[in-house]
Amino acid sequence: MMNTLKVGALLAALTALFVAMGSWVGGPAGAGIALVFALVMNVATYWFSDRLVIAMTRAQPVSPSEAPELHAMVDRLSMLAGIPKPALYIVPDPSPNAFATGRDPKHAAVAVNEGLLRILERPEVEGVIAHEIAHIKNRDTLTMTVVATVVGAIMMIANIAQFAAIFGRSDEDGPSPLALLAMALVAPFAATILQLAISRAREYEADRTGALLAGTPRGLANALLKLERGAAVVPSHLPPQTAHLCIVNPLAGVGGFVAALFRTHPPVEDRVRKLMELEGRQWV
C-alpha cells in the first residue's frame, strides 16, 4: 500500500511539473499540451517502466543454455522467496553492478552487468542475486523503476529549457532566457530529490532479506566491497537516472558535482557492518 501511494505521488509530481512548465512557456495552450503529454507518460511509466529501464541500460535477455549457473541461482532463490522466477538479463557494461526492475513480482527482471560476472566468485554472485530478488519480494521495484523513468523525464525537461534559453527568443509574455536557464539548473535538483525519496532503509532491508535467502550474509558482504572498488575504477555506461536502481552506486568513479548529485546509496561499510552482525544468528 505504501509503495502504491509513493508511486501515485511521484506520478502526480511529474504531471504538475510538466503542466507548470507548459504554462510558463506556452500559457494556457502550453499547459493543456503538457497535461496531455504528462497523462500519456504516466500510463507508459506505470505499465512499461520496466521495459524502458531495460532499454535505457541496453540489457540483453539471457537463456538457461547461455547461463545455466546463473539461471539455477535465480530459480532457487525465487522459489525460496515465494515469487515467480524473474526474467534474467545481462547488461553489456564493464562496470560491476546489478539491478532489479518490474511493476510487481509477476512482471519482474534481474539484470547483472558483465563486469560483475568477471570479478565475483559464485557465493558472491548468489548474494547479489538474492539482494535483487529481495527487492522484488519486498515490492520495491515499482517505485524504484518509476523514479528512474520520472528522473529521465525531468532531465529531458532540463535539456529543453537549456536549449530554449540559449537558442530561443522570448517576448513580453514568455519566460526570459535567464528564467529558462534557471529552470535547466533547478530541474536536476528536483530529479535528485525524487531519487533520494527512495528510502535508504530499503537497501538495508534488501540486504537483510537477501542474506536470509542466500543462507549467509558473507557472500553479499564480500560482493559489496568488491563492487564498490570495481565501480570506482571502471566507468559505467548506465545512464545516471538509473543509479538508484543499482546495488552499488555506478557513479562512484565520477568525481565532483555529478557524483554528489546522484549519491543515492547508503555507505557500503555500513551495509557490510550490518550484514556481518547477522552472521552466526539462527536463520529461519
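The structure under discussion appears in the preceding block.
Let us look at the structure shown here. (Residues numbered from 1 in each chain as written. Predicted model: local features only at pLDDT ≥ 70, side-chain atom pairs only at ≥ 80, totals over all residues. Heavy atoms only, no water.)

**Comments concerning the environment of Ala130**
- By the element assignment, Ala130 lies in helix H4 (residues 122–137).
- Taking relative accessible area as the criterion, Ala130 reaches 0% and is therefore assigned buried.
- Sequence separation between Ala130 and Ser78 is 52 residues, and the spatial gap between their C-alpha atoms is 8.2 Å.
- In contact with Ala130, not counting residues within four places along its chain, are Leu77, Gly210, Leu213 and Ala214. (Helix = DSSP H or I, 4+ residues; strand = E, 2+ residues; numbered from the N terminus. Buried < 20%, exposed > 50% of the residue type's maximum accessible area, 1.4 Å probe, protein only. Contact = heavy atoms within 4.5 Å.)

**A look at the packing of H4 against helix H8 (residues 218–233)**
- One can describe the packing of H4 onto H8 by two numbers: an axis separation of 7 Å at closest approach and a directional angle of 95°. Our classification of the angle between H4 and H8 gives roughly perpendicular. Along its contact with H4, which presents Pro123, Glu124, Gly127, Val128 and His131, the element H8 presents Gly219, Leu220, Asn222, Ala223, Lys226 and Leu227.
- Residue classes in the contact of H4 with H8 are distributed as five nonpolar, four polar and two charged. (Axes fitted to C-alpha atoms, helices over the stretch in contact; angles between N-to-C directions. Parallel < 35°, antiparallel > 145°, perpendicular 65-115°, else oblique. Nonpolar A, V, L, I, M, F, W, Y, C, P; charged D, E, K, R; others polar.)

**Looking at the sheet that holds strand E3 (residues 98–102)**
- The strand order E1-E2-E4-E3 describes an open sheet built from four strands, whose pairing is mixed. Looking at which strands have only one partner, the edges of the open sheet turn out to be strand E1 (60–61) and E3.
- As paired elements, E3 and strand E4 (residues 108–113) share five bridges and run antiparallel to each other. Following the sheet pairing, Gly102 is matched in E4 by Ala108.
- On top of the sheet, H4 reaches E3 and E4; it is set at about 150° to E4, its chief contact. (Pairing = 2+ DSSP bridges.)

**Let's talk about the side chain of Asp140**
- With respect to the helices, strands and loops of the structure, Asp140 is situated in the loop between H4 and helix H5 (141–167).
- Among the polar contacts listed, one links the side chain of Asp140 to the side chain of His135, at a separation of 2.9 Å. (Polar contact = N/O pair within 3.5 Å; in protein donor to acceptor, adjacent residues only side chain to side chain.)

**Description of the packing of aromatic side chains**
- Here the structure, examined in full by the defined rule, presents zero aromatic pairs.
- Positioned over the ring face of Tyr204 is Lys274, at 5.2 Å from the centre of the ring. (Phe/Tyr/Trp six-rings, centres within 6.5 Å; stacked < 30°, edge-to-face > 60°. Lys NZ or Arg CZ within 6 Å of the ring centre and 35° of its normal.)

**Details of the nonpolar core**
- Grouped together as the largest cluster of nonpolar side chains are 38 residues, with contacts concentrated most on Leu70, Leu116, Val128, Ile129, Ile133, Leu224 and Ile247.
- Elements that contribute at least two residues to this core include exactly helix H2 (68–81), strand E2 (87–91), E3, E4, H4, helix H7 (200–214), H8 and helix H10 (268–277).
- Those residues within four positions of Leu116 in sequence are excluded, and the remaining contacts are Pro96, Asn97, Ala98, Val125, Val128 and Leu227.
- In this structure, Val91, Phe99, Leu245 and Cys246 belong to the second largest nonpolar core, which totals twelve residues. (Core = buried A, V, L, I, M, F, W, Y, C linked by side-chain atoms within 4.5 Å.)

**Here's the deal with the pattern of salt bridges**
- Counted under the stated rule, the structure contains twelve salt bridges.
- Note that Glu124 is salt-bridged to Lys226, the shortest N-O span being 3.0 Å. Of this pair, Glu124 sits in helix H4 while Lys226 sits in helix H8, and the two are 102 residues apart along the sequence.
- On the basis of relative accessibility, which here comes to 23%, the residue Lys226 falls in the partly exposed class. (Salt bridge = Lys/Arg side-chain N within 4 Å of Asp/Glu carboxyl O.)

**Brief notes about unusual backbone geometry**
- The phi torsion at Arg58 lies on the positive side, around 60°, for a residue other than glycine.
- With respect to the helices, strands and loops of the structure, Arg58 is situated in the loop between helix H1 (2–57) and E1.
- Even without a glycine there, the phi angle at Arg139 is positive, about 60°.
- Positionally, Arg139 belongs in the loop between H4 and H5.
- Arg139 gets classed as partly exposed once you look at its relative accessible area, which sits at 48%.

**Describing a nonpolar patch on the surface**
- Side chains of Val43, Tyr46, Trp47, Phe48 and Leu52 sit close together on the surface and give an oily, nonpolar patch of about 450 Å² of accessible area.
- By the element assignment, Trp47 lies in helix H1.
- The exposure class of Trp47 is partly exposed, given its relative accessible area of 43%. (Patch = residues over 30% accessible without salt bridge, like charges linked within 9 Å, V, L, I, M, F, W, Y side chains within 5 Å. Areas by Shrake-Rupley, 256 points an atom, 1.4 Å probe, with all protein chains shown as cover.)

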